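Fold and geometry: a report
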Amino acid sequence: MAAVEKAVIMAGGFGTRLRPLTMEIPKPMVPLAGKPMMEHIVRLLVRHGMRRMLAVLYFHPDAITSYFGDGSRWDVTMEYVRAAADYGTAGSIKNAEAYLRSGRFLIISGDVLTDFDLSAAIAFHCEKNADATIVLTRTSNPLQYGIVIADSDGRIRRFLEKPSWGEVFSDTINTGIYILEPRVLELIPPAREFDFSKDLFPMMLERGDALYGYIANGYWRDIGNLSEYQQAHYDVLAGNVRIEIPGSRRGNVWIGDGSTIDPSVECRGTVIIGNGVQIARNAVLDSCVIGNDCQIGAGAVIARSVLWDGVRIGVASHIEGAVLASNVQLGERVAVEENVFVAEGCSIGDGAVLGPNIKLWPRKHVEPHSIVVRSMIHEEKWSRELFTDARITGASNVEMNPEFAARLGTAIGTALPIGATVVASRDPDPTSRMIKRALVAGLLSAGVSVEDLQMTPIPQTRLATRSRSVAAGFHVRRSFRNPTMTDIVIIGNDGRDLPTELAKKIERYFFGEDIRRVPYERVGQLRYPERQNETYVADYLRALDVERIAQRRFRILIDYSFGMAVSIFPSILGRLGTTALALNSYIDPFRASTTAADEENRREISGIMRSLGYEIGFKIDPGAERIALVDERGYWFSSMRLLTIITKLFLESNREHLPFAIAVPVEATSEVDIIAAEYGAEVLRTKNSHTAMMEATRDERIRFVGGTRGGFIFPEYSVATDGLYTIGKVLEMLARTGFSLAELDSELPKRHQSRLSVRCPWDKKGTVMRHAIEWSSAYDRQLIDGVKVFLPDGRSVLLVPSREHAAFSIVAEADSPDDAEHLAEEVAALVAQWGSTVQS
């Protein structure tokens, strides 16, 4: 008998990523192997002795209450509570507090598929006298879930909701199944959004409450998107999960009551057939699920597909790897190919072909002999998520095409109030111009106005977004990571990257088709602000000690890299009193440097520096965010050494403001810490990303954020990197301190790094991180982005799983190059060993 008073079924989700299947029914009611997903959960709870149940509802609640009623069909007592608003996972439980005060309760999602031994999890909770127990499992791809680290006793020590790869400290994840004592409800605030993973559990960790994790054996799948929905069916048909399948079994075929199957019908693999199904002669069923009251015509072939109730399939039609929702009708000789999802009530005419990877929304009609080759909604590239941080990247004019951009613009506009304003800009690339115009069109159609800065560097766009009364901004550019790709960077109204909450809202509208189209009189306005460059220059000069710089009369070299800085920076340099030699000083979007060309360019600049006697040279990246630096010797500083030098300059020229804090990424060398200690400045570490650097500026103690890729933030001027301002600031600091770059390089402490990349299959990354956590537990370490381990002999090593490749990056640091190289090789061997270990 279960030692819980009640089981709570979370059944309020929108099911956005299962659309078009969830356009008219809530996600828990989506059929899985002939029964609603939530019914499988009810039956699981009954198997473990839980017969008092409470369903928490929000979206389409009537579909759930009308099906389950009072629960008597399953010999359970079913109660319901409906939320007045979307209060989040924990907030919705607080909303049901009146039903849960009497004793311990278990929480489980109504839209997962699992056969976990819940009785064992409850026994564990009771044995540990826990306040809360999270049921855990291990997975090969933990990115979409909450990562959990527990000690040998099961007590949770670290919790992180939906991490990046650099934060994947384990392959042990939160399944969303919780066992809670009623006293935990007191920690949840009423009538406000509050989440278990983001809010409640971190609070309990901080308080020192008894928060435990139980690692369950068995099957578990979060059916979060259409691909997972299909895979769940394949797992059921393969016998990988223990659930009750309706009907009587004949070999590998389950047949429901009242079904009529012609003797000539051929069944291959495992087949589930519902009640009242009629299947005509010579039909072929191969590893598929057929819902109730379906009719299958003669000679039809249905393979690896799922049919909901009431589907009609015409003679000689062929369906392969598709999902057809209730009451879909196919004519004769229709072909439906892989990964097609047809919503309720659609009709497909005779001889029509539905090509792969398309979706049809409810009650669409396809004319006879039509060939449908494109999804009505969006490209399959975007089937899981849009954003990487605040950036959306896709193949230029393939994935990142005008149709996609217009839809994205409409989704962004829908997420903002009618009448809001957005700032827009782009780089010189023709694809960027095209995509920006399509985005603007989508925004205008949703009633949002646009202030178009046209061709403007992104640092200037961030400043404009922050200084104007606008809701957001965006910048379209050719990706510096891959010139065949296009980036869309969305900017929050404070100039930083888009807040996560707004990004999720945009994704929900993008995937859901719940987009806003305003009446013609409320279509947004398109404006072209004047004097943007003049405003930028004035703010720039106001933030610097122009007189001090001009007195120094610097002789400098500027390589514009064919980028947009050339349109504004020469006038600034004139005001700073410099003598400047310009290279590559015209805009050319097609002159993206290859590695070989960049190396040749640097050699040429080194020769110019030595022969013409220039003091300092700057290379500005095409987007004007980052710089590289060469000294009077023609010596190019690595990005790590540049960080060390600029840190020294900043601390020395701001002595009068000490003490204060600075921030650098976790991969930065300890040179920064050594220098900061001399000045009594605190060093805070961030993740290895521009987004994390910008977030660091929210801390008022931080006066400087230094990057490891040539980007620097000076919060008194901007909350983001600006290569042009960095140049001005470097000149100001050199003028104030009297230092020379060569002298600084020779006098500052020097540590050496060795970098290796180790191949690691995607499905082993979580396992490797778990082993890394266990291996490093005896040492001082930082768990900020990957695992950085500090060894007793002064060496350190950082292990970071790549976000874009099946690999780990190893960054070892020591006093000598040989020591750093040896340490990198040692740890690389460990990573290779951990990645080849069978998961346990």
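Procedures and definitions
Residues numbered from 1 in each chain as written. Predicted model: local features only at pLDDT ≥ 70, side-chain atom pairs only at ≥ 80, totals over all residues. Heavy atoms only, no water. Helix = DSSP H or I, 4+ residues; strand = E, 2+ residues; numbered from the N terminus. Rg over C-alpha atoms; globule rule 2.2 N^0.38 Å. Buried < 20%, exposed > 50% of the residue type's maximum accessible area, 1.4 Å probe, protein only. Salt bridge = Lys/Arg side-chain N within 4 Å of Asp/Glu carboxyl O. Core = buried A, V, L, I, M, F, W, Y, C linked by side-chain atoms within 4.5 Å. Contact = heavy atoms within 4.5 Å. Pairing = 2+ DSSP bridges. pLDDT = per-residue confidence, 0-100. Arc of directions from axis to C-beta. Expected span 1.5 Å × (residues − 1). Phe/Tyr/Trp six-rings, centres within 6.5 Å; stacked < 30°, edge-to-face > 60°. Lys NZ or Arg CZ within 6 Å of the ring centre and 35° of its normal. Patch = residues over 30% accessible without salt bridge, like charges linked within 9 Å, V, L, I, M, F, W, Y side chains within 5 Å. Areas by Shrake-Rupley, 256 points an atom, 1.4 Å probe, with all protein chains shown as cover. Lys, Arg positive; Asp, Glu negative; His and termini not counted. Charge placed at Lys NZ, Arg CZ, Asp CG, Glu CD. Axes fitted to C-alpha atoms, helices over the stretch in contact; angles between N-to-C directions. Parallel < 35°, antiparallel > 145°, perpendicular 65-115°, else oblique. Left-handed = near helix turned anticlockwise from the far one by under 90°. Nonpolar A, V, L, I, M, F, W, Y, C, P; charged D, E, K, R; others polar. Disulfide = S-S within 2.5 Å. Polar contact = N/O pair within 3.5 Å; in protein donor to acceptor, adjacent residues only side chain to side chain.

**A word on the overall build of the chain**
- Counting its secondary structure elements, the chain contains 21 helices and 54 strands.
- Computed over C-alpha atoms, the radius of gyration of the chain comes to 30 Å, within 12% of the 28 Å expected from 2.2 N^0.38 for 840 residues, which places it in the range of a compact globule.
- Considering only C-alpha atoms, the chain reaches an extent of 95 × 65 × 50 Å along its principal axes.
- Counting only residues that meet the buried cut, the chain has 58% of its 840 residues in that class.

**As for the pattern of salt bridges**
- Going through the model one piece at a time under the given rule, you end up with 52 salt bridges.
- Where E97 meets K94, a salt bridge forms, and the shortest distance between an N and an O atom there is 3.1 Å. Across the pair, K94 and E97 agree in class, each one buried.
- Linking R496 and D494 is a salt bridge whose minimum nitrogen-to-oxygen distance equals 2.9 Å.
- Residue class for D494 comes out buried when judged on its relative accessible area of 19%.
- By sharing partners, the salt bridges in this structure join D631, R633, R641, E671, D745 and K750 into a single network.

**Overview of the nonpolar core**
- Of all hydrophobic cores here, the largest spans 57 residues; its most connected members are Y540, I558, F569, I616, F618, I620 and L724.
- Sort the elements by how many residues they give to this core and helix α18 (residues 723-737) lands first, with 8 residues.
- The contact partners of I558, leaving out residues within four places of it in the chain, are F569, L573, L581, A582, L583, F618, I620 and I727.

**A word on the environment of D209**
- You can see D209 is positioned in the loop between α5 (196-207) and β12 (211-215).
- Residue D209 is classed as buried on the basis of its relative accessible area of 15%.
- As a C-alpha pair, D209 and M10 span 199 residues in sequence and 24 Å in three-dimensional space.
- Non-local contacts of D209, meaning those with residues more than four positions away in its chain, are made with D131, R155, L187 and M204.

**What about the sheet that holds strand β22 (residues 295-296)?**
- Ordered by their spatial adjacency, 7 strands build an open sheet running β16-β19-β22-β25-β28-β31-β34, and the pairing between neighbours is parallel. Bordering the open sheet on either side are β16 (260-261) and β34 (365-366), each of which pairs with just one other strand.
- By the bridge criterion, 2 bridges tie strand β28 (residues 329-330) to strand β31 (residues 347-348) in an arrangement that is parallel. The residue of β31 that forms the bridge with Q329 is S347.

**Comments concerning unusual backbone geometry**
- Residues R19 and P20 are joined by a peptide bond in cis, for which omega reads 15°.
- Cis peptide bonds are those with omega within 30 degrees of zero, and the linkage from L658 to P659 qualifies with 5°.
- Inspection of the secondary structure puts P659 in the loop between α15 (639-653) and β46 (661-665).
- Backbone geometry places A191, a non-glycine residue, at a positive phi of 55°.
- In this structure, N584 is a non-glycine residue whose phi angle is positive, near 50°.
- Turning to its location among the elements, N584 is positioned in the loop between β43 (579-583) and α14 (595-612).
- Overall, the relative accessible area of 23% leaves N584 in the partly exposed class.

**Describing the confidence of the model for the chain**
- Looking at the chain as a whole, its pLDDT mean stands at 90, while 95% of the residues score no less than 70.
- Between residues 375-384, whose pLDDT stays under 50, and residues either more than four places distant or in other chains, the model counts 34 contacts.

**Considering helix α16 (residues 671-679)**
- Residues of α16 that are buried include every one of E671, V672, I675, A676 and Y679, and no others. Buried residues along α16 cover an arc of 125° about the axis, so they all sit on one side. Turned more than 90 degrees from where α16 packs its buried face, A677 and E678 sit exposed.
- At its buried positions, α16 is contacted by α15, β46 and β47 (682-686).

**Concerning the environment of E332**
- Following the sequence through the fold, E332 ends up in the loop between β28 and β29 (335-336).
- Overall, E332 belongs to the partly exposed group, its relative accessible area being 33%.
- Sequence separation between E332 and Y614 is 282 residues, and the spatial gap between their C-alpha atoms is 79 Å.
- The contacts of E332, once residues within four sequence positions are left out, are G314, V315, S317, D350 and G351.

**Examining helix α20 (residues 765-776)**
- Here α20 contains 12 residues, and its C-alpha end-to-end distance of 16 Å stays within 8% of the 16 Å for a straight helix at 1.5 Å per residue.
- What α20 keeps buried is the set K765, G766, T767, V768, M769, R770, H771, A772, I773 and S776.

**Describing the packing of aromatic side chains**
- Using the criterion set out here, one finds 24 aromatic pairs in the structure.
- Taking the ring centre of Y67 as reference, the NZ or CZ of R73 above it sits at 5.2 Å.
- Its end group placed over the ring of F480, R626 keeps NZ or CZ at 4.4 Å from the ring centre.

**So, the sheet that holds strand β20 (residues 284-286)**
- The 7 strands lie next to each other as β17-β20-β23-β26-β29-β32-β35, forming an open sheet whose pairing is parallel. Of all strands in the sheet, those bounded by a partner on one side alone are β17 (266-268) and β35 (371-372).

**Some thoughts on the pairing of strand β1 (residues 6-11)**
- Most of β1 sits inside the fold, with 6 of its 6 residues counted as buried.
- Every second residue of β1 is oriented toward a common face, with K6, V8 and M10 on one face and A7, I9 and A11 on the other, all of them buried.
- Relative to strand β6 (residues 105-109), β1 is paired through 5 bridges, and the arrangement is parallel. Within the sheet, the bridge partner assigned to A7 lies in β6 and is L106.
- Here 5 bridges tie β1 to strand β4 (residues 52-57), and the two strands are oriented parallel to one another. Pairing of V8 across the sheet is with L54, part of β4.

**Quick look at a negative patch on the surface**
- Where like charges cluster on the molecular surface, the negative patch consists of D818, D819, E821, E825 and E826.
- Locating D818 in the fold gives a position in helix α21 (residues 817-835).

**So, the packing of α20 against α21**
- Where α20 meets α21, the closest approach of the two axes is 9 Å, and the angle between their N-to-C directions is 125°. In terms of their interaxial angle, α20 and α21 are classed as oblique. The hand of the α20/α21 crossing is right-handed. Side by side, α20 and α21 meet where T767, V768, H771, A772 and W775 of the first sit next to V827, L830, V831, W834 and G835 of the second.
- Residues of the contact of α20 with α21, tallied by class, amount to 7 nonpolar, 3 polar and no charged.

**Focus on the state of the cysteines**
- With the rule as written, the count across this model stands at 0 disulfides.
- C267 takes part in no disulfide bond, and the closest cysteine sulfur, belonging to C288, lies 7.3 Å away.

**A word on the side chain of T697**
- In this structure, T697 sits in the loop between α17 (690-696) and β48 (702-706).
- Of note is the side chain of T697, whose polar atom sits 2.9 Å from the side chain of R496.
- Residues contacting T697, with those up to four places away along its chain left out, are R496, V705, I713, P715 and V719.

**Section: the environment of D452**
- Here D452 is to be found in strand β38 (residues 449-455).
- When its relative accessible area of 4% is taken as the criterion, D452 is described as buried.
- Sequence separation of D452 and T647 is 195 residues, and the distance between their C-alpha atoms is 36 Å.
- Filtering out sequence-adjacent residues up to four positions away, D452 remains in contact with A424, K436, L526, R527, Y528 and P529.
- A polar contact of 2.7 Å, which involves the side chain of D452, links it to the backbone nitrogen of Q454.

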